[in-house]
Amino acid sequence: MSNKELVLQAAGALFGDKDPTAVDRWVSPTYRQHSSLAADGPEALRALVASLPADFRYEGARVIADGDLVALHGTYHGFGPVPLVAFDLFRVEDGKLAEHWDGLTPVVAATVSGRSQTDGPTAPSDLDRTERNRALVTEFAQRVLVDADYSVLTDYISTERYDQHNPEAGDGLAGFGAAAAKWAEQGKDLRYKAVHRVVAEGDLVLLQSEGEFGEPVAYWDLFRVADGRIVEHWDVVAPVPASLPHDNGLF
């Protein structure tokens, strides 16, 4: 069984069937948790699964597998008063879920681009270009996001097509520029301090980063690459809570 298949089966048992006993089969006894929703260890996860309401469900959009890391992008219904768009990242070790990170944000019904926060291509393609696409997005992350050198933006993002799923930004570089200007007026400059993980499969590359957006945040940015340029973007910007039920931090 591949790591992608393992994570999908485990997530299905835990969050689809809402079966607390699935923890025994799928979760490592040394499970490390970086979510703000639970503490370390399988027993904390068991308690979380047992507490899920009857109307809870998960609607998956896409899955990216990269070595021992598997990322899920989808929507949780029933976690709270509104659905939550989420990135979940799992590390697999010895056939078990060994570590987990996540970022969640409310679903926005009316987005600037007219696209939802999760629609678009679902399956990775161009699998033979994984490493080329990883290198492109990694370099983009350092030069543009971390170093804030926007003069090289078009070296990485297509000027012909840039489909945007951030709910406050329109399509294209002009749409992103208008949103960034509005955010700056609100005191929410995009500041990336460090990129912690790059997860790539084919044309899809996910960045997990930390920075500031008017407050400390975790940035989750998923990019789709075509013909050597970024052509699509999904994201979650999640505030970093002042305290967590564990000492691992969010990263």
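Here the structure is a predicted model, which is why all the values come from computation and not from measurement.

Procedures and definitions
- Residues numbered from 1 in each chain as written.
- Predicted model: local features only at pLDDT ≥ 70, side-chain atom pairs only at ≥ 80, totals over all residues.
- Heavy atoms only, no water.
- Helix = DSSP H or I, 4+ residues; strand = E, 2+ residues; numbered from the N terminus.
- Rg over C-alpha atoms; globule rule 2.2 N^0.38 Å.
- Buried < 20%, exposed > 50% of the residue type's maximum accessible area, 1.4 Å probe, protein only.
- Contact = heavy atoms within 4.5 Å.
- Areas by Shrake-Rupley, 256 points an atom, 1.4 Å probe, with all protein chains shown as cover.
- Lys, Arg positive; Asp, Glu negative; His and termini not counted.
- Charge placed at Lys NZ, Arg CZ, Asp CG, Glu CD.
- Pairing = 2+ DSSP bridges.
- Axes fitted to C-alpha atoms, helices over the stretch in contact; angles between N-to-C directions.
- Polar contact = N/O pair within 3.5 Å; in protein donor to acceptor, adjacent residues only side chain to side chain.
- Phe/Tyr/Trp six-rings, centres within 6.5 Å; stacked < 30°, edge-to-face > 60°.

Broken down by element type, the protein chain carries five helices and ten strands. By the compact-globule yardstick of 18 Å for 251 residues, the protein chain fits well, its C-alpha radius of gyration being 18 Å. When its C-alpha atoms are laid out on the principal axes, the protein chain stretches across 50 × 40 × 30 Å. The buried share among the 251 residues of the protein chain stands at 49%. Within the protein chain, contacts between residues separated by at least 24 positions form 54% of all contacts whose residues are at least 6 apart in sequence. Approximately 11,200 Å² of the protein chain is accessible, and the part contributed by carbon and sulfur atoms is 50%. On the protein chain, the mean spot of the 22 positive side-chain charges and the mean spot of the 39 negative ones are 1 Å from each other.

Reading across the sheet, the five strands line up as β1-β5-β4-β3-β2 and stay open at both edges, with mixed pairing between neighbours. The open sheet has two free edges, formed respectively by β1 (27-33) and β2 (57-66), since each of these has just one partner strand. Taking each pair of neighbouring strands and ignoring which way they run, the sheet shows an average axis angle of 25 degrees. Pairing analysis gives eight bridges linking strand β3 (residues 69-77) to strand β4 (residues 84-93), with the strands arranged antiparallel. Bridge pairing in β4 links L69 to R91.

What follows concerns the pairing of strand β8 (residues 204-212). Along any regular strand the residues' side chains alternate between the sheet's two faces. Where burial is concerned, most of β8 is hidden: seven out of the nine residues are buried. As defined by bridge partners, strand β7 (residues 191-201) adjoins β8 across nine bridges and the pair is classed as antiparallel. Paired with R191 across the bridge in β8 is E212. Counting the residues that bridge the hairpin from β7 to β8 gives two residues, and of these G202 lies at a positive phi of roughly 65 degrees. Here β8 runs beside strand β9 (residues 216-226); their pairing, made up of nine bridges, is antiparallel. The residue of β9 that forms the bridge with S209 is Y219. If you look at the hairpin formed by β8 and β9, you'll find three residues sitting between the two strands, and G214 has a positive phi there, around 80 degrees.

Once that is clear, we can look at the environment of R161. Examined against the element boundaries, R161 turns out to sit in the loop between α4 (130-146) and β6 (163-164). Accessibility expressed as a relative area gives 45% for R161, which makes it partly exposed. As for R161 and G172, which are separated by eleven residues in sequence, their C-alpha atoms are 6.1 Å apart. Residues within four places of R161 in sequence aside, it is in contact with R224, I230 and V231. A polar side-chain atom of R161 sits 2.7 Å from a polar atom in the side chain of D163.

This brings us to the packing of aromatic side chains. Taken as a whole and judged by the stated rule, the model has eleven aromatic pairs. Ring centres of F15 and F56 lie 6.4 Å apart, and the angle between their planes is 50 degrees; this geometry places the pair in the tilted category. Highlighted residues: F15 in helix α1 (residues 3-16) and F56 in the loop between α3 (42-50) and β2, separated in sequence by 41 residues. For the pair F15 and F56, one class covers both residues: buried. Among the aromatic residues, those joined into a ring-pair cluster are F15, F56, Y58, Y76 and F79.

The next thing to look at is the sheet that holds β7. If you walk across this open sheet you meet the five strands as β6-β10-β9-β8-β7, and the pairing is mixed. Bordering the open sheet on either side are β6 and β7, each of which pairs with just one other strand. Packing against the sheet, α4 makes contact with β7, β8, β9 and β10 (229-239), and its axis sits at approximately 175 degrees to β7.

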